[in-house]
Amino acid sequence: MRSGSTELSSVELDTLLDRLLEVAGRASRDVAALTGDFDAIVAASTQSNADDEHDPEGSTIAFERAQVSSLIDRARAAESELAQALGRWEAGTYGYCEICGDPIGYERLLARPAATRCIAHA
Ligand SMILES: [Zn+2]
(Lines give C-alpha, C1' and ligand atoms only; values in the text may rest on other atoms or scores of the structure.)
Protein backbone atom coordinates (compact mmCIF):
# COMPACT_ATOMS: atom_id res chain seq x y z
CA MET A 1 0.00 0.00 0.00
CA ARG A 2 1.51 3.29 -1.09
CA SER A 3 -0.59 5.88 0.69
CA GLY A 4 -2.93 6.34 3.62
CA SER A 5 -5.88 5.25 1.50
CA THR A 6 -7.00 1.67 1.85
CA GLU A 7 -8.95 -0.62 -0.43
CA LEU A 8 -12.69 -0.50 0.19
CA SER A 9 -14.31 -3.34 2.07
CA SER A 10 -17.39 -5.01 0.63
CA VAL A 11 -19.56 -3.39 3.30
CA GLU A 12 -18.17 0.02 2.36
CA LEU A 13 -18.74 -0.72 -1.32
CA ASP A 14 -22.38 -1.65 -0.63
CA THR A 15 -22.88 1.56 1.33
CA LEU A 16 -21.31 3.60 -1.46
CA LEU A 17 -23.48 1.97 -4.14
CA ASP A 18 -26.60 2.76 -2.11
CA ARG A 19 -25.41 6.33 -1.71
CA LEU A 20 -24.55 6.62 -5.40
CA LEU A 21 -27.99 5.38 -6.45
CA GLU A 22 -29.69 7.67 -3.92
CA VAL A 23 -27.78 10.77 -5.06
CA ALA A 24 -28.26 9.87 -8.74
CA GLY A 25 -32.01 9.47 -8.17
CA ARG A 26 -32.15 12.83 -6.43
CA ALA A 27 -30.24 14.50 -9.28
CA SER A 28 -32.71 13.12 -11.83
CA ARG A 29 -35.64 14.36 -9.77
CA ASP A 30 -33.97 17.79 -9.45
CA VAL A 31 -33.56 18.01 -13.22
CA ALA A 32 -37.21 17.03 -13.76
CA ALA A 33 -38.51 19.46 -11.11
CA LEU A 34 -36.35 22.36 -12.32
CA THR A 35 -37.27 21.72 -15.94
CA GLY A 36 -40.93 21.90 -14.84
CA ASP A 37 -40.26 25.19 -13.02
CA PHE A 38 -38.53 26.56 -16.07
CA ASP A 39 -41.43 25.63 -18.35
CA ALA A 40 -43.85 27.26 -15.89
CA ILE A 41 -41.83 30.49 -15.86
CA VAL A 42 -41.61 30.54 -19.64
CA ALA A 43 -45.36 29.91 -19.89
CA ALA A 44 -46.05 32.69 -17.37
CA SER A 45 -43.87 35.15 -19.25
CA THR A 46 -45.51 34.28 -22.55
CA GLN A 47 -48.98 34.72 -21.08
CA SER A 48 -48.26 38.08 -19.49
CA ASN A 49 -46.76 39.29 -22.78
CA ALA A 50 -43.94 40.79 -20.74
CA ASP A 51 -41.65 43.41 -22.12
CA ASP A 52 -38.40 42.80 -20.23
CA GLU A 53 -37.05 46.30 -20.68
CA HIS A 54 -39.96 48.35 -19.42
CA ASP A 55 -42.13 46.04 -17.39
CA PRO A 56 -40.68 45.50 -13.86
CA GLU A 57 -42.43 42.14 -13.68
CA GLY A 58 -40.86 41.18 -16.98
CA SER A 59 -37.34 41.71 -15.67
CA THR A 60 -38.17 39.63 -12.59
CA ILE A 61 -39.26 36.82 -14.87
CA ALA A 62 -36.08 37.15 -16.91
CA PHE A 63 -34.05 37.00 -13.71
CA GLU A 64 -35.94 33.95 -12.44
CA ARG A 65 -35.52 32.29 -15.79
CA ALA A 66 -31.76 32.87 -15.70
CA GLN A 67 -31.58 31.55 -12.12
CA VAL A 68 -33.54 28.39 -12.88
CA SER A 69 -31.61 27.92 -16.10
CA SER A 70 -28.28 27.90 -14.22
CA LEU A 71 -29.73 25.51 -11.61
CA ILE A 72 -30.80 23.18 -14.43
CA ASP A 73 -27.28 23.29 -15.90
CA ARG A 74 -25.81 22.40 -12.52
CA ALA A 75 -28.34 19.60 -11.88
CA ARG A 76 -27.71 18.15 -15.36
CA ALA A 77 -23.95 18.25 -14.77
CA ALA A 78 -24.41 16.42 -11.45
CA GLU A 79 -26.71 13.91 -13.11
CA SER A 80 -24.18 13.12 -15.81
CA GLU A 81 -21.27 12.88 -13.33
CA LEU A 82 -23.28 10.36 -11.34
CA ALA A 83 -24.22 8.41 -14.47
CA GLN A 84 -20.51 8.21 -15.28
CA ALA A 85 -19.77 7.08 -11.72
CA LEU A 86 -22.34 4.29 -12.10
CA GLY A 87 -20.68 3.36 -15.40
CA ARG A 88 -17.33 3.08 -13.60
CA TRP A 89 -19.04 1.00 -10.96
CA GLU A 90 -20.22 -1.45 -13.61
CA ALA A 91 -16.76 -1.46 -15.20
CA GLY A 92 -15.18 -2.20 -11.82
CA THR A 93 -13.06 0.97 -11.79
CA TYR A 94 -15.19 2.95 -9.32
CA GLY A 95 -13.37 4.39 -6.31
CA TYR A 96 -9.91 4.62 -7.88
CA CYS A 97 -8.14 7.87 -8.72
CA GLU A 98 -8.04 8.49 -12.47
CA ILE A 99 -4.56 10.03 -12.11
CA CYS A 100 -2.61 7.70 -9.81
CA GLY A 101 -4.90 4.65 -9.60
CA ASP A 102 -4.89 4.64 -5.80
CA PRO A 103 -8.15 4.04 -3.90
CA ILE A 104 -9.92 7.39 -3.45
CA GLY A 105 -10.93 6.64 0.14
CA TYR A 106 -14.23 5.78 1.75
CA GLU A 107 -14.83 9.08 3.57
CA ARG A 108 -14.22 11.12 0.46
CA LEU A 109 -16.48 8.94 -1.69
CA LEU A 110 -19.19 9.11 0.92
CA ALA A 111 -19.05 12.91 0.76
CA ARG A 112 -18.61 13.03 -3.03
CA PRO A 113 -19.91 9.81 -4.59
CA ALA A 114 -18.99 10.99 -8.10
CA ALA A 115 -15.36 11.84 -7.19
CA THR A 116 -12.88 10.67 -9.84
CA ARG A 117 -9.68 11.66 -8.05
CA CYS A 118 -8.00 11.11 -4.71
CA ILE A 119 -7.50 14.08 -2.39
CA ALA A 120 -3.91 14.56 -3.60
CA HIS A 121 -5.12 14.95 -7.20
CA ALA A 122 -8.45 16.70 -6.60
ZN1 LIG B 1 -4.51 10.29 -7.15
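All residue numbers refer to positions counted from 1 along the written sequence of the respective chain. The predicted nature of this model means local features are confined to residues of pLDDT at least 70 and side-chain atom pairs, given and counted, to a pLDDT of 80 or more, with totals for whole chains, interfaces and linings taken over all residues. The side-chain values count all of the structure's non-hydrogen atoms but skip hydrogen atoms and water molecules.

(A) A look at the overall build of the chain. Helix and strand definitions here come from DSSP, where helices need a minimum of 4 consecutive H or I residues and strands a minimum of 2 consecutive E residues; each element is numbered from the N-terminal end. Helix and strand content of the chain: three helices and zero strands. Helices and strands in the chain line up, N terminus first, as α-α-α. Here's how the labels work: a residue is buried when its accessible area is under 20% of the maximum for its type, exposed when over 50%, partly exposed in between, all with a 1.4 Å probe on protein chains only. Burial analysis of the chain (122 residues in total) assigns 27% to the buried set. The contacts of the chain with a sequence gap of at least 6 include a subset with a gap of at least 24, amounting to 60%. By definition in these notes, contact holds between two residues if any of their heavy atoms fall within 4.5 Å.

(B) Region of interest: the nonpolar core. To define a nonpolar core, start from buried Ala, Val, Leu, Ile, Met, Phe, Trp, Tyr and Cys residues and group those joined through side-chain atoms within 4.5 Å. With 17 residues, the main nonpolar core has Leu8, Leu16, Leu20, Leu82, Ala85, Tyr94 and Leu109 as its most contacted residues. For this core, the secondary-structure elements that each account for two or more residues are helix 1 (10-47), helix 2 (56-91) and helix 3 (106-111). The greatest single-element share of this core, amounting to five residues, is contributed by helix 1.

(C) Structural detail: the coordination of the zinc ion. With water excluded from the atoms, a metal site may look incomplete; its donors are any N, O or S atoms within 2.8 Å, or within 3.2 Å for Na, K and Ca. Distances from the zinc ion to its protein donors, namely Cys97 (SG), Cys100 (SG), Cys118 (SG) and His121 (ND1), fall within the range 2.0 to 2.3 Å. Irregular is the default label, applied whenever a site is not tetrahedral (four donors, all angles between 85 and 135 degrees) and neither square planar nor octahedral (four or six donors, opposite donors over 155 degrees apart, all other angles between 65 and 115). Angles of 97 to 115° at the metal separate the four donor atoms of the zinc ion, which places the site in the tetrahedral class. Motif for the zinc ion, donor spacing along one chain: C-x2-C-x17-C-x2-H. For Cys97, a relative accessible area of 4% translates into the label buried. For Cys100, a relative accessible area of 26% corresponds to the partly exposed category.

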